[in-house]
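# Examination of the molecular architecture
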Amino acid sequence: MVQLKFCLLVECNEFQTIIDRDSEYWWGVDRKPVFGRLQYLGIHYMKNLRSIWKGQIDKGCLSNLRYLALHTCPNLITIFTPNLLGNLIKLEALTVEDYFKVKSLVSEEASDFKSTGYVLQNLKKMSLLDLPELVTISGGLSIGPVLESLIVYNCPKLKSLHAMEVSGDNLKIKGEKEWWDVLKWRNKTCPAYKEFEIDEDSMGPLAKDIYSH
């Protein structure tokens, strides 16, 4: 787990958390924290998963993660906690799909980060697909200053976007025309927009962007 660079978890239905900080096995060899070199993490179809990380996270854990893909984990409510956000300094691409309970990508406790500047500073691509309860991306938390691509599909309750949540100067957004027409954009000139095309864009993030890494 210390040297691991690629991890794909599929249908591990007994898992409730990926890493439990309180577990006696969470340390790797030579007392080095696990997932220190991990670059890709894919989590798919885990029906009992409730958290990605439980407990305190040490410096270095997930600090090299570049790609995070989360698909169909119906009981996962919180994706990013403050501890987790602080370590994802190299994350470049994020895909979140088919989460019926997620209202925000970050927990309420992450509001403590609002006065500390941007998090996810290297995030360039974000795809949010089939999130019927999603109301906000980050609750106003400053994320993704270099974000280039945002794909939004079937997120009917995401009715407004704040410039601090999706703030890249070269940002391009793809989404359904009906969603875009009523979207409220706050505090910044509207970014470039292209209509989401189901054949091209829905399979793109899932089949190409994810597995090509």
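Worth saying up front: this structure is predicted, and the values here are computed from it rather than measured. (Residues numbered from 1 in each chain as written. Predicted model: local features only at pLDDT ≥ 70, side-chain atom pairs only at ≥ 80, totals over all residues. Heavy atoms only, no water.)

### Notes on a nonpolar patch on the surface
- Taken together, the side chains of Phe 6, Leu 8, Val 10 and Tyr 45 present a nonpolar region at the surface, about 360 Å² in accessible area.
- Mapping Val 10 onto the fold places it in strand β1 (residues 6-10).
- On the basis of relative accessibility, which here comes to 39%, the residue Val 10 falls in the partly exposed class. (Patch = residues over 30% accessible without salt bridge, like charges linked within 9 Å, V, L, I, M, F, W, Y side chains within 5 Å. Areas by Shrake-Rupley, 256 points an atom, 1.4 Å probe, with all protein chains shown as cover. Salt bridge = Lys/Arg side-chain N within 4 Å of Asp/Glu carboxyl O. Helix = DSSP H or I, 4+ residues; strand = E, 2+ residues; numbered from the N terminus. Buried < 20%, exposed > 50% of the residue type's maximum accessible area, 1.4 Å probe, protein only.)

### Re the environment of Thr 72
- Inspection of the secondary structure puts Thr 72 in the loop between β5 (67-71) and α1 (82-87).
- Thr 72 sits 23 residues away from Leu 49 along the chain, and the two C-alpha atoms are 9.9 Å apart.
- The residues contacting Thr 72, other than those within four sequence positions of it, are Tyr 45, Met 46, Glu 97, Asp 98 and Tyr 99.
- At a separation of 3.0 Å, a polar atom in the side chain of Thr 72 contacts the side chain of Asp 98. (Contact = heavy atoms within 4.5 Å. Polar contact = N/O pair within 3.5 Å; in protein donor to acceptor, adjacent residues only side chain to side chain.)

### Looking at the pattern of salt bridges
- Inspection of the entire model under this criterion finds 3 salt bridges.
- For Glu 133, the salt bridge is made with Lys 157, and the minimal N-O distance between the two is 2.8 Å. Of this pair, Glu 133 sits in the loop between β7 (125-129) and β8 (149-153) while Lys 157 sits in the loop between β8 and β9 (160-162), and the two are 24 residues apart along the sequence.
- A salt bridge links Asp 181 to Lys 177, with the nearest nitrogen and oxygen atoms 2.9 Å apart. With Asp 181 and Lys 177 both in helix α2 (residues 177-182) and 4 residues apart, this pair spans about one turn of that helix.

### Re the confidence of the model for the protein chain
- In this model, the protein chain carries an average pLDDT of 81, and 80% of its residues clear a pLDDT of 70 or more.
- Here helix α3 (residues 198-210) stands out as the least confident element of the protein chain, with mean pLDDT 50; strand β6 (residues 93-97) is the most confident, with 95.
- Taken as a whole, residues 203-213 scores under 50 in pLDDT and shows 20 contacts with residues more than four places along the chain or in a different chain. (pLDDT = per-residue confidence, 0-100.)

### Quick look at the environment of Ile 79
- Here Ile 79 lies in the loop between β5 and α1.
- By relative accessible area, Ile 79 is classed as buried at 2%.
- Sequence separation of Ile 79 and Ser 51 is 28 residues, and the distance between their C-alpha atoms is 6.8 Å.
- Setting aside residues no more than four positions away along its own chain, Ile 79 makes contact with Ile 52, Leu 70, Leu 84, Val 96, Val 102 and Leu 105.

### As for the pairing of β5
- With 5 of its 5 residues buried, β5 lies for the most part within the structure.
- Of the two faces of β5, the one holding Tyr 67, Ala 69 and His 71 and the one holding Leu 68 and Leu 70 are both buried throughout.
- In this sheet, β5 lies alongside strand β3 (residues 40-44) in parallel orientation, the contact comprising 5 bridges. Opposite Leu 41, over in β5, you have Leu 68 as the bridge partner.
- With 5 bridges connecting them, β5 and β6 associate as parallel partners. Bridging from a neighbouring strand, His 71 pairs with Glu 97 of β6.
- The parallel pair β5 and β6 is bridged by α1, and the resulting crossover is right-handed. (Pairing = 2+ DSSP bridges. Right-handed = clockwise from strand over helix to strand, strands pointing away.)

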